[in-house]
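Residues per chain are reported as follows:
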Amino acid sequence: MKFALCITGGGTGVIPMLLDKGGASKYIVDIKVPYSCEAIDQLLGSAPQKYCSEETARMLANQAYNNCRSLVSGECIGIGVTASLKKTNEREGRDN
């Protein structure tokens, strides 16, 4: 089984962990990092309602899956991740 990922925001920190072992290319076909809002808009074809949301992560996963299918034959999985890191001066009561 092959994987393609589309990761943005705080989730990008997982990329080195996925690639730091030999043989990752047997499973990982592609990793995209559309980091800015403009890059996400372009990849998805329009601006999502919220950039860091379950819905946007699903849309990114669909893009990753379609990309994987276009690159390899056989079983594919698309993984989409959005994440927000805690900022300095974060307003009180906000969860990330």
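Look up: the structure comes first, before these words.
Now for a description of the structure that goes with this document. (Residues numbered from 1 in each chain as written. Predicted model: local features only at pLDDT ≥ 70, side-chain atom pairs only at ≥ 80, totals over all residues. Heavy atoms only, no water.)

## Comments concerning the pattern of salt bridges
Line of reasoning, step 1. If you walk through the whole model with that rule in mind, you get 3 salt bridges.
Line of reasoning, step 2. The partner of Asp20 in a salt bridge is Lys21, and the shortest N-O contact between them spans 3.6 Å. (Salt bridge = Lys/Arg side-chain N within 4 Å of Asp/Glu carboxyl O.)

## Notes on the pairing of strand β1 (residues 2-9)
Line of reasoning, step 1. For β1, the buried fraction is high: 6 of the 8 residues fall into the buried class.
Line of reasoning, step 2. Two strands pair when backbone bridges link them, and β1 and strand β3 (residues 76-83) are joined in this way by 8 bridges, in the parallel orientation. The residue of β3 that forms the bridge with Ala4 is Gly78.
Line of reasoning, step 3. With respect to chirality, the unit in which β1 leads through helix α1 (residues 14-19) into the neighbouring parallel strand β2 (residues 28-32) is right-handed. (Buried < 20%, exposed > 50% of the residue type's maximum accessible area, 1.4 Å probe, protein only. Helix = DSSP H or I, 4+ residues; strand = E, 2+ residues; numbered from the N terminus. Pairing = 2+ DSSP bridges. Right-handed = clockwise from strand over helix to strand, strands pointing away.)

## Remarks on the nonpolar core
Line of reasoning, step 1. Grouped together as the largest cluster of nonpolar side chains are 8 residues: Ala4, Cys6, Ile40, Leu44, Leu60, Ala64, Cys68 and Cys76.
Line of reasoning, step 2. For this core, the secondary-structure elements that each account for two or more residues are β1, α2 (37-44) and α3 (54-71).
Line of reasoning, step 3. Among the elements that make up this core, the one with the highest residue count is α3 (3 residues).
Line of reasoning, step 4. Those residues within four positions of Ala4 in sequence are excluded, and the remaining contacts are Asp30, Ala64, Cys68, Ile77, Gly78 and Ile79.
Line of reasoning, step 5. Judged by nonpolar contacts, the second largest core, of 5 residues, contains Leu5, Ile7, Ile15 and Ile28. (Core = buried A, V, L, I, M, F, W, Y, C linked by side-chain atoms within 4.5 Å. Contact = heavy atoms within 4.5 Å.)

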